[in-house]
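Remarks on the overall topology
Residues per chain, in single letters:
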Amino acid sequence: MSALSPYVGKTVTVITSDGRLFIGTLQGFDQTTNLILQSAKERIIVPDNATETLDLGLYLLRGESVVLCGLVDDEIEASIDWEKVRGMKLKEARLPKR
Amino acid sequence: MLPLTLLNTSQGHPMLVELKSGETLNGHLVNCDAWMNLTLKEVVQTNAEGTRFFRLPECYVRGNNIKYLRVPDEVLDIAREKNQQQREESRNNRQGFNRNNRNRQGGQQGHQQGQGQHRRRQY
């Protein structure tokens, strides 16, 4: 069973079940995937307008809302001009209909 | 650091709680537990659209309804300091225990003493 320990102290990008994208430094986690994100920022990527970045500060994310937590390569991240990025809006995570 | 440790350290600090419904609660954390249930005081409740506001002197949030919490940045530093202090304290306690038992004969005696101490601490 793999844990998030190799990511602690590094920059990670998190997607939540409501379709939001966050980036920040992972300071801690637990078995239910509750996350501590330091210097968290939300990136709002839309098809038509420039990407907005909101600075949020210290964030405690509840594990239930976490969909994915990915390691960010800081060099590549710094080389991206986020204002130019366009993309489809992320959908909410939903359980499949029966 | 464990997220719930951070939460416990932020008792007394102001914070923002966003619920799964999209509602937000801005208030001071009074208490919290292992299930992330919270009691907040002096709370401003905002609906998901951000159009209606309510003021609540006190409120209880069941942990499973929380999406995330925003906490002041200094709380992380305070929590780290506490962790360090606790580690130093437990180190000092353990050193004292070993020093007392080093000269005593019979591992069993030492072992029982250890269990006794542990039980006492639980009370």
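In this text the structure is predicted, and so the values were computed from the model without any measurement. Going along each chain's sequence as written, the residues are numbered from 1 onward. Lettering of chains starts at A and numbering of ligands starts at 1, both following the order in which they are written. For a predicted model such as this one, the threshold for reporting local features is a pLDDT of at least 70, and the threshold for listing and counting side-chain atom pairs is 80 or more; totals across whole chains, interfaces and linings nevertheless cover every residue. Note that the side-chain values use all heavy atoms of the structure and ignore hydrogens as well as water.

**Looking at the overall build of chain B**
For chain B, the helix and strand inventory stands at three helices and five strands. Helix and strand definitions follow DSSP, with helices as H or I runs of at least four residues and strands as E runs of at least two, each counted in order from the N terminus. When its helices and strands are written in sequence order, chain B yields α-β-β-β-β-β-α-α. Here chain B, with 123 residues, has 31% of them falling under the buried criterion. What makes two residues a contact is simply this: any of their non-hydrogen atoms within 4.5 Å. Put simply, of all contacts in chain B between residues at least 6 apart along the chain, 41% involve residues at least 24 apart. Counting every atom, chain B has about 8600 Å² of accessible surface; 45% of that belongs to carbon and sulfur. The buried label goes to any residue with under 20% of its type's maximum accessible area, the exposed label to any with over 50%, and the partly exposed label to all in between, with areas taken from a 1.4 Å probe on protein chains only. Each accessible area value is a Shrake-Rupley result obtained with a 1.4 Å probe; residue values ignore everything except the protein chains displayed when judging cover.

**Quick notes on the sheet that holds strand β1 (residues 14-19) of chain B**
Hydrogen bonds along the backbone pair up the strands of a sheet, which may run parallel or antiparallel. For two strands to count as paired, DSSP must find a minimum of two bridges between them. Judged by pairing direction, the sheet is antiparallel, and its 10 strands sit side by side in the order β5(A)-β1(A)-β2(A)-β3(A)-β4(A)-β5(B)-β1(B)-β2(B)-β3(B)-β4(B) without closing on themselves. Either end of the sheet is taken by a strand with one partner, and the two such strands are β5 (66-71) of chain A together with β4 (53-61) of chain B. Strand after strand, the sheet turns through a mean of 35° between neighbouring axes, direction not considered. One ladder, built from eight bridges, connects strand β3 (residues 38-46) of chain B with β4(B); its direction is antiparallel. Considered in β4(B), the bridge of L38(B) is made with V61(B). Throughout, an axis means a line fitted to C-alpha atoms (over the contacting stretch in the case of helices), and angles, computed between N-to-C directions, take values from 0 to 180 degrees.

**Concerning the packing of aromatic side chains**
Ring pairs are drawn from Phe, Tyr and Trp, using the six-membered ring of Trp, whenever the two centres fall within 6.5 Å, and their geometry is named by plane angle: stacked under 30 degrees, edge-to-face over 60, tilted for the rest. Under the defined criterion, the tally for this structure stands at two aromatic pairs over all chains. With a centroid separation of 5.1 Å and an interplanar angle of 45°, the aromatic rings of F22(A) and Y59(A) are classed as tilted. On the criterion of sequence distance, the pair formed by F22(A) in strand β2 (residues 21-29) and Y59(A) in strand β4 (residues 52-61) is long-range, its members being 37 residues apart. Using a relative accessible area of 2% as the deciding quantity, one classes F22(A) as buried. Ring centres 4.5 Å apart and planes at 25° place the aromatic pair Y59(A) and Y68(B) in the stacked group. Note that Y59(A) is positioned in strand β4 and Y68(B) in strand β5 (residues 66-71), a pairing that runs across two chains. Assigned by exposure class, Y59(A) and Y68(B) land together as buried.

**Describing the interface of chain B and chain A**
You'll often see interface size given as the accessible area lost when the parts meet. Opposite the 22 residues of chain B that make contact, chain A presents 20 residues. Computed with a 1.4 Å rolling probe, the buried area is the accessible surface lost when two parts are put together, summed over both parts. Ranking the residues of chain B by area buried against chain A places P3(B), K67(B) and R70(B) at the top, with a combined share of 29%. Here a salt bridge means any side-chain nitrogen of Lys or Arg lying within 4 Å of a carboxyl oxygen belonging to Asp or Glu. Viewed at the interface, chain A and chain B are joined by three salt bridges. Linking E18(B) and R20(A) is a salt bridge whose minimum nitrogen-to-oxygen distance equals 2.7 Å. Elements represented by at least two residues in the side of chain B that touches chain A include exactly α1 (3-9), β5 and α2 (74-101) of chain B. Sort the elements by how many residues they give to the side of chain B that touches chain A and β5(B) lands first, with six residues. In this classification, the charged set is Asp, Glu, Lys and Arg, the nonpolar set is Ala, Val, Leu, Ile, Met, Phe, Trp, Tyr, Cys and Pro, and all remaining amino acids, among them Gly, are polar. In terms of residue class, the side of chain B that touches chain A is made up of 14 nonpolar, two polar and six charged.

**A short note on the confidence of the model for chain A**
It should be kept in mind that the predicted coordinates are not to be read in detail where pLDDT is low. By definition, pLDDT measures how confident the predictor is in each residue, and it falls between 0 and 100. When pLDDT is averaged across chain A, the result is 90; 99% of the residues are at 70 or more. Per-element confidence in chain A ranges from a low mean pLDDT of 89 for helix α1 (residues 74-79) of chain A to a high of 95 for strand β1 (residues 11-16) of chain A.

**A few points about a negative patch on the surface**
What goes into a patch is any residue over 30% in relative accessible area without a salt bridge, connected to like charges within 9 Å or, for nonpolar side chains (Val, Leu, Ile, Met, Phe, Trp, Tyr), within 5 Å. His residues and chain termini do not enter the charge count, which takes Lys and Arg as positive and Asp and Glu as negative. To locate a charge, the coordinates of NZ of Lys, CZ of Arg, CG of Asp or CD of Glu are taken. On the surface, a cluster of negative charge is contributed by D73(B), E74(B), D77(B) and E81(B). Mapped onto the fold, E81(B) is located in helix α2.

**A few points about the state of the cysteines**
All names here are of chain B. Any two cysteine sulfur atoms lying within 2.5 Å of each other are counted as a disulfide. Counted under the stated rule, the structure contains zero disulfides over all chains. Unpaired in terms of disulfides, C32 finds its nearest cysteine sulfur in C59, a separation of 14 Å. Here C32 falls in the buried class, since its relative accessible area comes to 11%.

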